[in-house]
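Coordinate inspection notes
Each chain is listed here by its residues.
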Amino acid sequence: MSSDDEIPVLRDAVARKPRPGLNAEQIDDLCDSLNAKAWVLIDKLVGDALQEVEDALRLKINDRLSEELPELIEDTVREKLGLAPDES
C-alpha cells in the first residue's frame, strides 16, 4: 500500500483557490454590461406591457362602439328625418 502522503485529504480536495479581485476597469466593464442588458430587458418588458394595454383598449373601444354606435346612428337619422324616437 502507498504511504499516507499519497492519500488525498478532504480539506485539500474541497479547498478553494483564492481568486484574484477585479480591477476598476473590469468593474466598470461589468457595470456597463449589466446596465446595457438591464435596459434591453426593461425596454422589452415595457414594450410587452404597452402592447397588452393597447390590445385591451382596442377591445374595450370596439365593444363600446358595437354597443353604442348603432343607436347613435339610428337616433341621428331619425332626428334628421323628423321622426319621433319611437316611430319606425
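For the structure itself, look to the data block above.
Residues numbered from 1 in each chain as written. Predicted model: local features only at pLDDT ≥ 70, side-chain atom pairs only at ≥ 80, totals over all residues. Heavy atoms only, no water.

Considering the overall build of the protein
The helix and strand inventory of the protein stands at two helices and zero strands. Carbon and sulfur atoms provide 59% of the accessible area of the protein, an area that totals close to 8700 Å². (Helix = DSSP H or I, 4+ residues; strand = E, 2+ residues; numbered from the N terminus. Areas by Shrake-Rupley, 256 points an atom, 1.4 Å probe, with all protein chains shown as cover.)

A word on a nonpolar patch on the surface
A grouping of Val53, Leu57, Ile61, Leu65, Leu69, Leu72, Ile73, Val77, Leu81 and Leu83 is seen on the molecular surface, where their side chains present a nonpolar patch of about 890 Å² in accessible area. Relative to the elements of secondary structure, Ile61 occurs in helix α2 (residues 24-81). (Patch = residues over 30% accessible without salt bridge, like charges linked within 9 Å, V, L, I, M, F, W, Y side chains within 5 Å. Salt bridge = Lys/Arg side-chain N within 4 Å of Asp/Glu carboxyl O.)

Quick notes on the pattern of salt bridges
In the structure shown here, the tally under the stated rule is four salt bridges. With a shortest N-O distance of 2.7 Å, Glu54 and Arg58 are connected by a salt bridge. Within this pair, Glu54 and its partner Arg58 are both found in helix α2, separated by four residues, close to a single helical turn. The partly exposed category is assigned to Arg58, whose relative accessible area is 48%. (Buried < 20%, exposed > 50% of the residue type's maximum accessible area, 1.4 Å probe, protein only.)

Focus on a negative patch on the surface
Together, Glu25, Asp28, Asp29 and Asp32 make up a region of like negative charge exposed at the surface. Here Asp32 lies in helix α2. (Lys, Arg positive; Asp, Glu negative; His and termini not counted. Charge placed at Lys NZ, Arg CZ, Asp CG, Glu CD.)

Description of α2
Helix length check: α2, at 58 residues, gives a terminal C-alpha distance of 81 Å against a target of 86 Å (1.5 Å per residue), a fit within 8%. Along α2, the sharpest kink reaches roughly 35°, centred on Glu68 and followed within four residues by the proline Pro70. Looking at where α2 begins, the residue whose side-chain oxygen comes 3.0 Å from the main-chain nitrogen of Glu25 is Asn23. Looking one or two residues past α2, Gly82 carries a phi angle of roughly 75°, positive in sign. (Expected span 1.5 Å × (residues − 1). Bend = angle between axes of the 7 residues up to and from the residue. Polar contact = N/O pair within 3.5 Å; in protein donor to acceptor, adjacent residues only side chain to side chain.)

Description of the environment of Leu22
Considering the arrangement of structural elements, one finds Leu22 in the loop between α1 (10-14) and α2. Looking at Leu22, the relative accessible area reads 52%, which means it is exposed.

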